[in-house]
Amino acid sequence: MKSILKKLLLGKISNLERPKYNPIQKRIQNIRSIWNNDHQDDNGIEKIIRLFLSSSQLLFPGIYLKFLANKKGVEYEDLALDFYVLLKVAFPTLILMNHWQNNTWLVWVLFYVFLETVLYIPTLIFASDSFSKPRSYKRSMLLLFFNYLEISFTYAVFYSCDSYLNKPFTHWFDAVYFSIITSSSIGYGDYFPVTTIGKFLVSTQALLFLFFIVLFLNFFSTKIKSKGYFDHKNQD
């Protein structure tokens, strides 16, 4: 049974040499490279934003989870990241299904991990001059889909925290429905925001959809390969 699970979850264990830098070292080296203008002659607001985005990843648990899993191998790092992404999708779903929106500390924890996802994509695009080739583009697309679900479910929790819309939700999935409809910019009109906070949530979600999905899908589909901070063989 153990061998079956190992084959299922880890696949074929590679014999590749372990990357020279672990995830934390690569992130720190990335920050130094931006500061020293090693690969891009930026300044002003562009440099400030790039430094902020690159540094922000050190504030969240994802990079430290990758660091710990990296000690066992690249496959374990991928597996740990997969479970972490799935956990981040399940977390807002559990809040909705169990009506835990009134637990303020849970909502703040949700907002914290939500920020990690929101900042991670622009970090990849704007704070790195090199995009390390993933082991599988299909896996990357699948993780992107789960990231989208996480954002949609998280916004569903935000919408259900108070009376931000024209009428209350009668079922927990109503909040998910409204969130997905909002992100796709359809808007059937059965639910709509009537408060300033509600309008702010709807506006930011629509902007995130355009930025997160369209820009990142375009970035991935081109499979950019350019010289930058790290060797392309390294996994970011």
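Residues numbered from 1 in each chain as written. Predicted model: local features only at pLDDT ≥ 70, side-chain atom pairs only at ≥ 80, totals over all residues. Heavy atoms only, no water.

*Asks:* With reference to specific residues and values, describe the nonpolar core.
*Replies:* The biggest cluster of nonpolar side chains holds 33 residues, and the ones touching the most others in it are Phe114, Tyr155 and Phe158. Those elements that provide at least two residues to this core are α5 (74-98), α6 (104-126), α7 (137-159), α8 (172-183) and α9 (196-222). Per-element accounting of this core gives the leading share, ten residues, to α7. For Phe158, the contacting residues outside a window of four places in its chain are Val107, Leu110, Phe111, Phe114, Tyr164 and Leu201. Core analysis: the next-biggest nonpolar cluster, separate from the first, contains seven residues, Leu51, Phe60, Leu119 and Ala127 among them. (Core = buried A, V, L, I, M, F, W, Y, C linked by side-chain atoms within 4.5 Å. Buried < 20%, exposed > 50% of the residue type's maximum accessible area, 1.4 Å probe, protein only. Helix = DSSP H or I, 4+ residues; strand = E, 2+ residues; numbered from the N terminus. Contact = heavy atoms within 4.5 Å.)

*Asks:* Got a sec to walk through the environment of Asn98? Specific residues and values, please.
*Replies:* Within the secondary structure, Asn98 is located in helix α5. Spatially, the C-alpha atom of Asn98 lies 8.7 Å from that of Trp172, the residues being 74 residues apart in sequence. Polar contacts involving the side chain of Asn98 include one to the main-chain carbonyl oxygen of Leu94, which spans 2.9 Å. (Polar contact = N/O pair within 3.5 Å; in protein donor to acceptor, adjacent residues only side chain to side chain.)

*Asks:* If you had to explain the pattern of salt bridges to someone new, which residues and values would you point to?
*Replies:* All chains considered together, the criterion is met by three salt bridges. With a closest N to O distance of 2.5 Å, Arg50 and Asp42 form a salt bridge. Here Lys88 and Glu150 are joined by a salt bridge, their closest N and O atoms 3.9 Å apart. Of this pair, Lys88 sits in helix α5 while Glu150 sits in helix α7, and the two are 62 residues apart along the sequence. Lys88 gets classed as buried once you look at its relative accessible area, which sits at 8%. Judged by its relative accessible area of 1%, Glu150 is buried. (Salt bridge = Lys/Arg side-chain N within 4 Å of Asp/Glu carboxyl O.)

*Asks:* Tell me about the confidence of the model for the protein, residues and numbers included.
*Replies:* Mean pLDDT over the protein stands at 82; residues scoring 70 or higher make up 78%. Taken as a whole, residues 224-236 scores under 50 in pLDDT and shows 44 contacts with residues more than four places along the chain or in a different chain. (pLDDT = per-residue confidence, 0-100.)

*Asks:* Explain the layout of surface pockets to me, and be specific about the residues and the numbers.
*Replies:* The computed volume of the second largest pocket comes to approximately 370 Å³. Lining the second largest pocket are 16 residues, with Phe111, Phe114, Phe158, Phe200 and Leu201 sitting closest to its centre. Mapped onto the lining of the second largest pocket, the elements with two or more residues apiece are α6, α7 and α9. If one sorts the elements of the lining of the second largest pocket by residue count, α6 sits on top with seven residues. Considering only residue class, the lining of the second largest pocket consists of 14 nonpolar, two polar and no charged. (1 Å grid on protein atoms, 1.4 Å probe; cavity = no way out; pocket = protein on both sides within 12 Å on 5 of 7 lines; lining within 4 Å. Points joined across faces, edges and corners; volume = space filled by probe spheres on them. Nonpolar A, V, L, I, M, F, W, Y, C, P; charged D, E, K, R; others polar.)

*Asks:* Now, about the packing of aromatic side chains: what can you tell me, with residues and values included?
*Replies:* Throughout the structure, instances matching the rule amount to 14 aromatic pairs. Where Trp172 meets Phe173, the ring centres are 5.8 Å apart and the plane angle is 90°; that geometry is what we call edge-to-face. Looking at Trp172, the relative accessible area reads 24%, which means it is partly exposed. What makes Phe173 partly exposed here is its relative accessible area of 44%. A centroid spacing of 6.3 Å and a plane angle of 65° characterise the contact between Phe178 and Tyr191, whose relative ring orientation is edge-to-face. In this pair, Phe178 is assigned in helix α8 and Tyr191 in the loop between α8 and α9, connecting sequence segments 13 residues apart. The pair Phe178 / Tyr191 is uniform in exposure class, with both members buried. Counting every residue linked through ring pairs, the aromatic cluster contains Trp108, Phe111, Phe114, Tyr155, Phe158, Tyr159, Phe169, Phe178 and Tyr191. (Phe/Tyr/Trp six-rings, centres within 6.5 Å; stacked < 30°, edge-to-face > 60°.)

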